[in-house]
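What the coordinates show
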Amino acid sequence: MPELPEVETVRRGLLPAMESHVIARADVNRPDLRWPFPDRMAERLTGQRVERLRRRSKYILADLSGGETLLMHLGMSGRILISGDPLGQFVRDHPAPEKHDHVVFHMKNGARIIFNDPRRFGAMDLFETATAEAHPLLSAIGPEPLGNAFHEDHLIAALRGRMTPIKSALLDQKIVAGLGNIYVCEALFRAGIHPVRKAGKIGRTRVASLVPVIRATLEDAIAAGGSSLRDYRRADGELGYFQHSFDVYGREGAPCRRDGCNGKVRRIVQAGRSSFYCTACQR
Ligand SMILES: [Zn+2]
């Protein structure tokens, strides 16, 4: 399941083919993904110029010249592939259509952008740009972790009095947008905070320390995507996914990577999801 850094690398991979470019036509090959597609989606996209391609949490938002915004969400298994773009580096024949190519954007610049999603937990929607903040998927989301609204005072206030584990609190999208299981585990490791510790019982200084740690954890992952993918895409044109090494995630039983720590990484299950942490240096 893509997390925020993967979605951000998908967005960056899409930029050269999509932002400031016109959608010549769109193929919408089925009526729905997770939810029905909006009415006349293909028609409403045709001829639209993508003025801006932005991200909110794990949603990619394309603001269109006609005043509507296209929302795209990758769900569990959604993938976006680009072929035949005009940049020159990856010019290749358009691949043969695949079974799960549900939506295809044919850009006027020659690029073909394919949304493929075997499990169909992904989503697309189209709505007036001016109402984007009020959209049901977007209205309740907290501040962006890489944005200015995510700061020490916000996090301290949001966690005050909360008796839920810090792991669950950081997964709460109202507190901070877009954080998922992997990067919460990694951020808590970097901050030296035990995932089971009650959010409201952690001292202000330690809570405050989480803000730069969360930012750095995400930024490092985005940078890893940028360095391991050329123009944020793989050679086959798929965007967003990259090999990434984690400090604790998926390393059950392995030695802690923190200098001078002799602890081992342990896995526990919290609210049905795995948490990985060091038994010695996370308190
Ligand atoms: Zn350790």
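Refer to the preceding data block for the structure.
Residues numbered from 1 in each chain as written. Predicted model: local features only at pLDDT ≥ 70, side-chain atom pairs only at ≥ 80, totals over all residues. Heavy atoms only, no water.

1. Digging into the overall build of the protein
Operational definition: Each helix corresponds to a stretch of at least 4 residues labelled H or I by DSSP, and each strand to a stretch of at least 2 residues labelled E; elements are numbered beginning at the N terminus. Throughout, the radius of gyration refers to the C-alpha atoms, and the reference size of a globule is 2.2 Å times the residue count to the power 0.38. Type-normalised accessible area, obtained with a 1.4 Å probe on protein chains alone, sets the label of each residue: buried when under 20%, exposed when over 50%, and partly exposed for intermediate values. A contact between two residues is defined here by any heavy atoms of the two lying within 4.5 Å. The Shrake-Rupley method, run with a 1.4 Å probe sphere, supplies the accessible areas, and residue values consider only the shown protein chains as cover.
For the protein, the helix and strand inventory stands at 6 helices and 10 strands. By the compact-globule yardstick of 19 Å for 283 residues, the protein fits well, its C-alpha radius of gyration being 20 Å. When the backbone C-alpha atoms are referred to their principal axes, the protein occupies close to 55 × 35 × 30 Å. Classification of the 283 residues of the protein by burial places 52% in the buried group. Within the protein, counting contacts between residues at least 6 apart in sequence, those at least 24 apart form 67% of the total. For the protein, the exposed surface amounts to about 12,900 Å²; the carbon and sulfur share of it is 48%.

2. What to know about the coordination of the zinc ion
Filter applied, for reference: The rule for donors is simple: an N, O or S atom within 2.8 Å of the metal counts, and for Na, K and Ca the reach is 3.2 Å. Water is not among the atoms, so a site may look short of donors. Angular criteria define each label, namely tetrahedral for four donors with all angles between 85 and 135 degrees, square planar for four and octahedral for six donors with opposite donors over 155 degrees apart and remaining angles between 65 and 115, and irregular for whatever fails these tests.
Listed as protein donors to the zinc ion are Cys256 (SG), Cys261 (SG), Cys278 (SG) and Cys281 (SG); their distances from the metal cover 2.2 to 2.3 Å. Taken together, the 4 donor atoms surrounding the zinc ion define angles of 104 to 117 degrees at the centre, an arrangement classified as tetrahedral. Along the chain, the residues that donate to the zinc ion are spaced as C-x4-C-x16-C-x2-C. Here Cys281 lies in the segment after β10 (273-278) and Cys261 lies in the loop between α6 (204-228) and β9 (265-270), a separation of 20 residues in the sequence. Of the two residues examined, Cys261 and Cys281, each falls in the buried class.

3. Let's talk about the pairing of strand β3 (residues 59-64)
Within a regular beta strand, the side chains point alternately toward one face of the sheet and then the other, so they alternate between its two faces. Selection rule: At least two bridges found by DSSP between two strands is the condition for calling them paired.
The buried count for β3 comes to 6 of 6 residues, which makes it a mostly enclosed element. Where strand β2 (residues 50-56) folds back onto β3 in an antiparallel hairpin, the turn is made up of 2 residues, including Ser57, whose phi is positive at roughly 55 degrees. Between the antiparallel neighbours β3 and strand β4 (residues 68-73) lie 3 residues, among them Gly67 with a positive phi of about 100 degrees.

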